[in-house]
Amino acid sequence: MTKKTDSEQKLWGGRFTEPTDSFVERFTASESFDRRMAEQDIRGSVAHATMLCTKGILSADELSAIKTGLEQVQADIDSGQFEWSVSREDVHMNIEAALTARIGAAGKKLHTGRSRNDQVATDIRLWLRDQIDLIEADLSRLQEGVIGLAQENSDTIMPGFTHLQSAQPITFGHHLMAWNEMLERDYSRLMDCRDRMNVSPLGASALAGTSYPIDRNQTSDMLGFDAPTRNSLDSVSDRDFAIEFCSFASVCLMHLSRMSEEMILWASSQFAFIDLPDRFCTGSSIMPQKKNPDVPELVRGKSGRVFGHLVALLTLMKSQPLAYNKDNQEDKEPLFDTVDTVQDCLRAFADMIPAIQPKKENMRAAASQGFSTATDLADYLVGQGLAFRDAHEVVGLAVAHAIEADCDLSDLSLEQLQGFSSLIEADVFEYLTLEGSVNSRDHIGGTAPAQVRSAAVAALLLVKARN
Ligand code: ARG
């Protein structure tokens, strides 16, 4: 039997006869990235130790030494003095070893009735919950910005599109409130995820629970969880919550990519619907005239890595037998990068969107092209007693004529229009105007400025009610 030196001695080294291969040590370690959960790991340890003391498993002195020691470890981490060691494998063993180095015997008792399996499951949930609360704030700020811009533009007319062809006039405010609907659903998905994940795996231990008389309710309460998890096997193997989070993030980034695409189009000189402030754009190193919408382009591009992380986590979990497997260590990098990406993208949009300057005249000019009020003429004829299909036919003929004459429907004279249907009267022009068109869509969910204004007030109340 080879004697192990102190520095080679692992916290789990007892049954081993040779030191870990140095490549394997690096290959299996996670400390370089899971140290992001150090604060949560310490919080979990304090709760666990406190519970052990309540149950008489640790003495009051031991608990106090552990708490003081962990505070010092946290201070070392915060000040950058902590010496992370790859030979300690992960955040859990780095911290435990540092604690024992500081306080001696009591440190060795911290892991009583606990395993890294329930420890890591607890840490990730605590960490993700903290991040979700930050994301919630960014998402709400973005929604407030979108709704605010909608309120300023409740009667700004622009073309509405289907198939990216001019369809009917809408208000810019209405378009923005559609964005808010997407974001509101994202918010509710995020909250669903938070609600379902907020349970405490601590006490599941390695997989089967522990023979110590632990109190799982106490640790759950101390850590702000709603309840302890119900099955120890599931507790240490479940990573659904990370998948659900990445699924929220993927849908959210998909939405942000759609918003990005529209802003990029609108900022182009061909559309010229909006101006993005210079501070959110960059120039070209060769073409002096360029002002590139880099921020929305980058957000659009970043959706790809988030979708990738979702698929990575699904694939990681697929076919894994119960309970914990080392595969699960691979959950962290995709999850961390997803969190970072969502936070950055939401922040960029929350800063940028309120600063968008609409070019109202251009939007309006575009809305008056492309026969966007053709449906209004058909609806007018229905009001005059014609069946909708017949009205559709009449307007189709009028549009064909206008294309031929290279003008809009509203440019045709009353006599010309009456040539297509005798039901048309002088009041038809009220319906062919852009204002007439948008004002007439005055029902729940319609584009009329009055509806946009009340939708915005209601949406803002929802966002404000969150805090
Ligand atoms: N670093 C590990 C992880 O992230 C902690 C749990 C390790 N447990 C074990 N039995 N190897 O999953």
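This report concerns the structure included in the present document.

**Notes on the overall build of the chain**
Counting secondary structure elements, the chain contains 19 helices and six strands. A principal-axis box enclosing the C-alpha atoms of the chain has dimensions of 105 × 50 × 40 Å. Here the chain holds 467 residues, and the buried ones make up 48% of them. Carbon together with sulfur atoms contributes 52% to the accessible area of the chain, which is approximately 22100 Å² in total. Distance from the positive charge centre (45 side chains) to the negative charge centre (68 side chains) of the chain: 9 Å.

**Some thoughts on the site of the ligand**
Contacts to the ligand come from Ser-30, Asp-34, Asp-90, His-92, Arg-116, Asn-117, Val-120, Tyr-324, Gln-329 and Lys-332. The separation between a nitrogen atom of the ligand and a polar side-chain atom of Ser-30 is 3.4 Å. Between a nitrogen atom of the ligand and a side-chain N or O atom of Asn-117, the distance comes to 2.9 Å. Contact with the protein chains removes 85% of the 340 Å² of surface that the ligand exposes when unbound. If one sorts the elements of the shell around the ligand by residue count, helix H6 (residues 116–152) sits on top with three residues. Split into classes, the residues belonging to the shell around the ligand amount to two nonpolar, four polar and four charged.

**Details of the pattern of salt bridges**
Counted under the stated rule, the structure contains 26 salt bridges. In this structure, Glu-39 engages Arg-43 in a salt bridge whose closest nitrogen and oxygen atoms are separated by 3.4 Å. Of this pair, Glu-39 and Arg-43 both sit in helix H3 (residues 38–54), four residues apart, which is roughly one turn of the helix. In this structure Arg-43 comes out as partly exposed when scored by relative accessible area, which is 27%. Ionic pairing is found between Asp-278 and Lys-291, a salt bridge with its closest N-O pair at 2.8 Å. Here Lys-291 lies in the loop between strand S5 (274–275) and helix H11 (294–317) and Asp-278 lies in the loop between S5 and H11, a separation of 13 residues in the sequence.

**Quick word on unusual backbone geometry**
Residues other than glycine predominantly adopt negative phi, and peptide bonds predominantly adopt the trans conformation. Residue Leu-322 is joined to Ala-323 through a cis peptide bond whose omega torsion reads 0°. Among the secondary structure elements, Ala-323 is positioned in the loop between H11 and helix H12 (332–352). Here the phi dihedral of Ser-205 falls at roughly 55°; this positive angle occurs in a residue that is not glycine. The exposure class assigned to Ser-205 is buried, which follows from its relative accessible area of 9%.

**So, the packing of H3 against H6**
Two elements in contact, H3 and H6, have axes whose closest approach is 9 Å; the angle formed by their N-to-C orientations is 120°. When the axes of H3 and H6 are compared, the pair comes out oblique. Helix-helix and strand crossings are classified by hand; for H3 and H6 the assignment is right-handed. Residues Gln-40, Asp-41, Arg-43, Gly-44 and Ser-45 of H3 form the contact with H6, whose participating residues are Gln-119, Asp-123, Leu-126, Trp-127, Arg-129 and Asp-130. Broken down by class, the residue content of the contact of H3 with H6 amounts to two nonpolar, four polar and five charged.

**Description of the pairing of strand S1 (residues 157–162)**
In this sheet, strand S2 (residues 165–171) lies alongside S1 in antiparallel orientation, the contact comprising six bridges. Across the sheet, residue Met-158 finds its bridge partner in S2, namely Ile-170. Two successive antiparallel strands, S1 and S2, enclose a turn made up of two residues, where His-163 displays a positive phi of approximately 55°.

**Brief notes about the side chain of Thr-447**
Mapped onto the secondary structure, Thr-447 falls in the loop between helix H18 (434–440) and helix H19 (449–464). One polar contact links the side chain of Thr-447 to the main-chain amide nitrogen of Thr-171, over a distance of 3.0 Å.

**Quick word on the packing of H6 against helix H7 (residues 172–197)**
H7 packs onto H6 with a crossing angle of 165° between their chain directions and a minimal axis gap of 9 Å. Of the possible angle classes, the one that applies to H6 and H7 is roughly antiparallel. By crossing handedness, the relation of H6 to H7 is classed as left-handed. Its residues assigned to classes, the contact of H6 with H7 comprises 19 nonpolar, three polar and eight charged.

**A word on the side chain of Asn-198**
In this structure, Asn-198 sits in the loop between H7 and strand S3 (199–200). A polar contact of 3.2 Å, which involves the side chain of Asn-198, links it to the backbone oxygen of Gly-224. Dropping the residues within four chain positions of it, Asn-198 is found in contact with Arg-129, Gly-224, Phe-225, Asp-226 and Ala-227.

**Structural notes on the environment of Ser-250**
Among the structural elements, Ser-250 can be located in helix H10 (residues 240–267). Ignoring anything within four residues of it in the chain, the contact list for Ser-250 reads Val-306, Phe-307 and Leu-310. Within the structure, the side chain of Ser-250 is placed 2.8 Å from the backbone oxygen of Cys-246, a separation counted as a polar contact.

**Considerations on the nonpolar core**
Core analysis: the largest hydrophobic core is formed by 86 residues, its most contacted members being Phe-245, Leu-256, Met-263 and Ile-353. At 13 residues, the largest contribution of residues to this core is made by H10. Counting 18 residues, the second largest nonpolar core, distinct from the first, contains Phe-371, Ala-374, Leu-377 and Ala-378.

**Section: helix H13 (residues 360–367)**
Among the residues making up H13, those that are buried are Met-363, Ala-366 and Ala-367. All buried residues of H13 lie within an arc of 100° about the axis, which places them on one face of the element. Each element contacted by the buried residues of H13 is listed here: S1, S2, H7, S5, strand S6 (357–358) and H18.

**What about a nonpolar patch on the surface?**
Among the surface-exposed residues, Phe-23, Val-24 and Phe-27 lie close enough to one another that they form a single nonpolar patch of about 320 Å² accessible area. Tracing the backbone shows Phe-23 in helix H1 (residues 22–28).

**A few points about the packing of aromatic side chains**
Applying the stated criterion across every chain, the model contains 10 aromatic pairs. Aromatic pair Phe-245 and Phe-248: ring centres 5.5 Å apart, planes at 50°, arrangement tilted. Here Phe-245 pairs with Phe-248, and both are found in helix H10, just three residues apart, close to one helical turn. For Phe-245, a relative accessible area of 0% gives the class buried. An aromatic cluster is defined as three or more aromatic residues linked by ring pairs; in this entry it consists of Phe-161, Phe-271 and Phe-273. Sitting over the face of the ring of Phe-16, Arg-15 holds its NZ or CZ atom 5.7 Å from the ring centroid. Taking the ring centre of Tyr-187 as reference, the NZ or CZ of Arg-466 above it sits at 3.4 Å.

Scoring rules and cut-offs
- Residues numbered from 1 in each chain as written.
- Predicted model: local features only at pLDDT ≥ 70, side-chain atom pairs only at ≥ 80, totals over all residues.
- Heavy atoms only, no water.
- Helix = DSSP H or I, 4+ residues; strand = E, 2+ residues; numbered from the N terminus.
- Buried < 20%, exposed > 50% of the residue type's maximum accessible area, 1.4 Å probe, protein only.
- Areas by Shrake-Rupley, 256 points an atom, 1.4 Å probe, with all protein chains shown as cover.
- Lys, Arg positive; Asp, Glu negative; His and termini not counted.
- Charge placed at Lys NZ, Arg CZ, Asp CG, Glu CD.
- Near = heavy atom within 4 Å.
- Polar contact = N/O pair within 3.5 Å; in protein donor to acceptor, adjacent residues only side chain to side chain.
- Nonpolar A, V, L, I, M, F, W, Y, C, P; charged D, E, K, R; others polar.
- Salt bridge = Lys/Arg side-chain N within 4 Å of Asp/Glu carboxyl O.
- Axes fitted to C-alpha atoms, helices over the stretch in contact; angles between N-to-C directions.
- Parallel < 35°, antiparallel > 145°, perpendicular 65-115°, else oblique.
- Left-handed = near helix turned anticlockwise from the far one by under 90°.
- Contact = heavy atoms within 4.5 Å.
- Pairing = 2+ DSSP bridges.
- Core = buried A, V, L, I, M, F, W, Y, C linked by side-chain atoms within 4.5 Å.
- Arc of directions from axis to C-beta.
- Patch = residues over 30% accessible without salt bridge, like charges linked within 9 Å, V, L, I, M, F, W, Y side chains within 5 Å.
- Phe/Tyr/Trp six-rings, centres within 6.5 Å; stacked < 30°, edge-to-face > 60°.
- Lys NZ or Arg CZ within 6 Å of the ring centre and 35° of its normal.

Function cannot be read off these values alone, since they describe shape.
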